[in-house]
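Tertiary structure, described
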Amino acid sequence: MRIPVHLSPGASGLPRAISALLDQAVAWCTELGMYVMIDWHSIGNLQMGLFQDPMYVTTKQETYEFWRTIARHFKGHNTPAFYELFNEPTLYNGELGRMSWSEWKEINEDIIAVIRAHDREKIPLVAGLDWGYDLTPLLVEPSTRRASDT
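Residues numbered from 1 in each chain as written. Predicted model: local features only at pLDDT ≥ 70, side-chain atom pairs only at ≥ 80, totals over all residues. Heavy atoms only, no water.

1. Some details on helix α1 (residues 16-32)
What counts here: Where helices and strands are cited, they refer to DSSP runs of H or I of at least four residues and of E of at least two residues respectively, numbered from the N terminus. Here, expected helix span is obtained from the residue count minus one, scaled by 1.5 Å. Here the term buried applies to any residue with accessible area under 20% of the maximum for its type, exposed to any over 50%, and partly exposed to those in between, with areas from a 1.4 Å probe on protein chains only. This arc is built from the directions going out from the helix axis to the C-beta atoms. Contacts are residue-level and defined by heavy atoms, with any inter-residue pair within 4.5 Å sufficient.
For α1, with 17 residues, the first-to-last C-alpha span of 24 Å sits near the 24 Å given by 1.5 Å per residue. Among all positions in α1, only Leu 22, Ala 25, Val 26 and Cys 29 are buried. With its buried residues spanning 95° around the axis, α1 presents them on a single face. Within α1, the exposed residues directed more than 90 degrees away from the buried face are Arg 16, Ala 17, Trp 28 and Glu 31. Where α1 is buried, its residues meet β1 (2-5), β2 (36-40), α2 (60-74) and β5 (80-84). Remark: Gly 33 follows α1 within two positions and exhibits a positive phi of approximately 70°.

Here is the structure:
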């Protein structure tokens, strides 16, 4: 079960109502023997702070804090198996600014570091650019790929 979460612009932390809803959804999935993917649901350019719609507005700080809260909360709980770090990163043909793959990679490495400080068991899912579809920066010949590129 994929559970998308996004906060209202200007919200601080994970509001209790969202936390209660997320806990209830995870409890139902646990009862049904289903795994959960928690999805930080935003569409846009996290590096520049430009988004497809005002409802998707977030910041790096809010994103890091969300994942820190989630990782702490669900540490040791096996139903949430995946964390989708950022739903759909996109530059929208340049309308949402610029962001290189290396910048996007660094943001995701920072998010994963925050998660791993609290929970080493969940599987982080990293989307490619262009609404998650563009993985061409990963098309490097295996013999030329460095350990730091993976």
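2. Focus: empty space enclosed by the protein
Using the following cut-off: Site definitions follow a grid-based scheme: protein atoms alone, a 1 Å grid, a 1.4 Å probe that fits but cannot get out for cavities, and for pockets an open set with protein on both sides within 12 Å along at least five of seven lines, plus lining residues having an atom within 4 Å of a point. Grid points are joined across faces, edges and corners, and a volume is the space filled by probe spheres set on the points.
Counted under the stated rule, the structure contains one cavity of 30 Å³ or more. By volume, the largest cavity is sized at about 30 Å³.

3. Concerning a nonpolar patch on the surface
Selection rule: For patches, a residue must show more than 30% relative accessible area and have no salt bridge; joins then use 9 Å for like charges and 5 Å for nonpolar side chains, namely Val, Leu, Ile, Met, Phe, Trp and Tyr. Each accessible area value is a Shrake-Rupley result obtained with a 1.4 Å probe; residue values ignore everything except the protein chains displayed when judging cover. By salt bridge we mean one thing: a side-chain nitrogen of Lys or Arg within 4 Å of a carboxyl oxygen of Asp or Glu.
A surface patch of nonpolar side chains, about 310 Å² in accessible area, is lined by Met 1, Leu 32 and Met 34. The residue Met 34 is located in the loop between α1 and β2 in this model. We classify Met 34 as partly exposed; its relative accessible area is 32%.

4. Points about the nonpolar core
Note the threshold: Residues belong to a common nonpolar core when they are buried Ala, Val, Leu, Ile, Met, Phe, Trp, Tyr or Cys residues joined through side-chain atoms within 4.5 Å.
Within the largest apolar cluster, 29 residues are counted, with the highest numbers of intra-cluster contacts made by Leu 22, Ile 38, Trp 67, Ile 70, Tyr 83 and Trp 104. Counting only elements with at least two residues in this core, the list comes to β1, α1, β2, α2 and α3 (101-116). Each residue touching Trp 104, except ones within four places of it in the same chain, is listed here: Leu 46, Phe 86, Pro 89, Met 99, Val 126, Ala 127 and Leu 129.

5. Overview of the packing of α2 against α3
Cut-off, in case you're wondering: Only C-alpha atoms enter the line fits that serve as axes; for helices the fit covers just the stretch in contact. Angles between N-to-C directions range over 0 to 180 degrees. Between 65 and 115 degrees an angle is taken as roughly perpendicular, under 35 as roughly parallel, over 145 as roughly antiparallel, and anywhere else as oblique. In this scheme the crossing of two helices becomes right-handed for a clockwise turn of the near helix relative to the far one and left-handed for an anticlockwise turn of less than a right angle. Residue polarity follows a fixed list, in which Ala, Val, Leu, Ile, Met, Phe, Trp, Tyr, Cys and Pro are nonpolar, Asp, Glu, Lys and Arg are charged, and the others, Gly among them, are polar.
Direction vectors running N to C along α2 and α3 enclose 30°, while the axes themselves pass 8 Å from each other. Considering their axes alone, α2 and α3 lie roughly parallel with respect to each other. Note on packing geometry: the crossing formed by α2 with α3 is right-handed. Residue-level contacts link Lys 60, Thr 63, Tyr 64, Trp 67, Arg 68 and Ala 71 of α2 to Ile 107, Asp 110, Ile 111, Val 114 and Ile 115 of α3. In terms of residue class, the contact of α2 with α3 is built from seven nonpolar, one polar and three charged.

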